[in-house]
Amino acid sequence: MSSIVEAETPEALSPAATAKSGGGLGRYILVRFLLIFPTIFILVTLVFFLMRITGDPITAALGGRLPQDQLNARIHDAGYDRPIMVQYVEYLGQIATGNFGTTISDRRPVVEMLATFGTATLELSINALIVALLIGIPLGMLAAHRRDRVPDAVLRLFAILGYATPVFFAGLLLKLTFSVALNWLPVSGRASTSTELAMTQLAAPSGIYWLDALRSGNLDAFGDVVKHAILPAVALGLLTAGVFLRLVRTNLIGTLGKDYVEAGRSRGVREYRLVTKHAYKPALIPIITVMGLQIALMLGGAVLTETTFEWKGLGYQLAQYLTARDFVAVQGIVMLLAVIVAVTNFAVDIVAAVIDPRVRY
């Protein structure tokens, strides 16, 4: 009996005691941060050895296009004739110093290639996430508000089509409709030639075209960039918008049945106000929780989206390097994508833990 009383004392329920029991936010952040490194290490290791299944990268990329003596010389200079474990340890050492090697097909430093095309993929992902949030959250709220009515059924069907339709197919349909048939939007590319030239002449450009256009005050360039960004962003954003719509709908319906919402109804608060002012915020917590997974899904979809719209980012380059069997470049791109996904998930976990303390227990 005394043990029960002791367990219920204020000291036992204090924040310090809770932190010691493993529920502290600081410990949770530290654990989630440390998990980034084994995640990246495992993925880098898998990619390295899988890329070596077919032999060394130089033979894979240039075999049959160079005389055998020149091929052997390049293999020896690159160190690919040494034992595989020696190459692996050396590769890890290079990564630790920020050296990702040089691409085989176009002889560019991998770091330079990642910096050039990584910002394009970042821009596309930001645009697609904005589209997903603007479509998924309001329509999810509307579906919950009109539960089991015609608008709800239509929106649920839209959500299913959104995340079930392949990205490249949605992109082709959008191009045929809005570029070819209606001639409203550009068919491909990140910007027109004149705008791209203007972007390259800016001092310290970020690589994100719409941001650089706003910084320079060039509204014509900004309008051109937005026109080129709409179709790729919609094609990729619909994939995630369908998921957000279903999540918001399901969780908002559950929240609308809570006691505090019922109390608001009993006091005569309008249903619209209950949905938009009181119930939707708790329903957004699952959106934040799964956003890290959706970022990974977007990066995977970016490969097909960038190829469909000739949006020259990491996805587009990855397809080109895979065709050229340039495994050095592929390793660098996969490494960067792994870092982006790991860091994004870490940030999302922290935001979710701050908003909802239950996630760290």
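Please read these numbers as outputs of a predicted model, since none were measured by experiment. (Residues numbered from 1 in each chain as written. Predicted model: local features only at pLDDT ≥ 70, side-chain atom pairs only at ≥ 80, totals over all residues. Heavy atoms only, no water.)

Examining unusual backbone geometry
In most cases, non-glycine residues show a negative phi, while peptide bonds are predominantly trans.
Then step 1. The backbone phi angle of Asp-148 is positive, close to 60°, even though this residue is not glycine.
Then step 2. Note that Asp-148 resides in the loop between helix H8 (110–145) and helix H9 (150–164).
Then step 3. Taking relative accessible area as the criterion, Asp-148 reaches 58% and is therefore assigned exposed.
Then step 4. Backbone geometry places Glu-310, a non-glycine residue, at a positive phi of 50°.
Then step 5. Secondary-structure assignment places Glu-310 in the loop between helix H16 (285–309) and helix H17 (314–323). (Helix = DSSP H or I, 4+ residues; strand = E, 2+ residues; numbered from the N terminus. Buried < 20%, exposed > 50% of the residue type's maximum accessible area, 1.4 Å probe, protein only.)

Quick notes on the UniProt feature "transmembrane region" (unreviewed entry) in the chain
Then step 1. The sites that carry the UniProt feature "transmembrane region" (unreviewed entry) are, in the present numbering, residues 29–51, 124–142, 154–174, 229–248, 283–304 and 328–355.
Then step 2. Overall, residues 229–248 shows 100% helix and 0% strand. The separation of its end C-alpha atoms is 26 Å.
Then step 3. Within residues 328–355, the helical portion is 100% and the strand portion 0%, while the C-alpha atoms at the span's ends are 41 Å from each other. (UniProt positions renumbered as here; feature names shortened; annotations may be inferred.)

Things to note about the nonpolar core
Then step 1. Within the largest apolar cluster, 62 residues are counted, with the highest numbers of intra-cluster contacts made by Ile-58, Met-113, Phe-244, Leu-314 and Ile-333.
Then step 2. The element contributing the most residues to this core is helix H18 (residues 327–355), with 13 residues.
Then step 3. Contact partners of Met-113, with chain neighbours within four places excluded, come to Thr-103, Arg-108, Gly-118, Leu-314, Tyr-321, Ala-329 and Ile-333.
Then step 4. Formed by 6 residues, the second largest nonpolar core is a distinct cluster that contains Ala-191, Tyr-209, Ala-213 and Val-225. (Core = buried A, V, L, I, M, F, W, Y, C linked by side-chain atoms within 4.5 Å. Contact = heavy atoms within 4.5 Å.)

Focus on H8
Note that an α-helix has 3.6 residues per turn; residues three or four places apart therefore point the same way.
Then step 1. Helix length check: H8, at 36 residues, gives a terminal C-alpha distance of 50 Å against a target of 52 Å (1.5 Å per residue), a fit within 8%.
Then step 2. A bend of about 30° at Phe-117 is the largest found in H8. (Expected span 1.5 Å × (residues − 1). Bend = angle between axes of the 7 residues up to and from the residue.)

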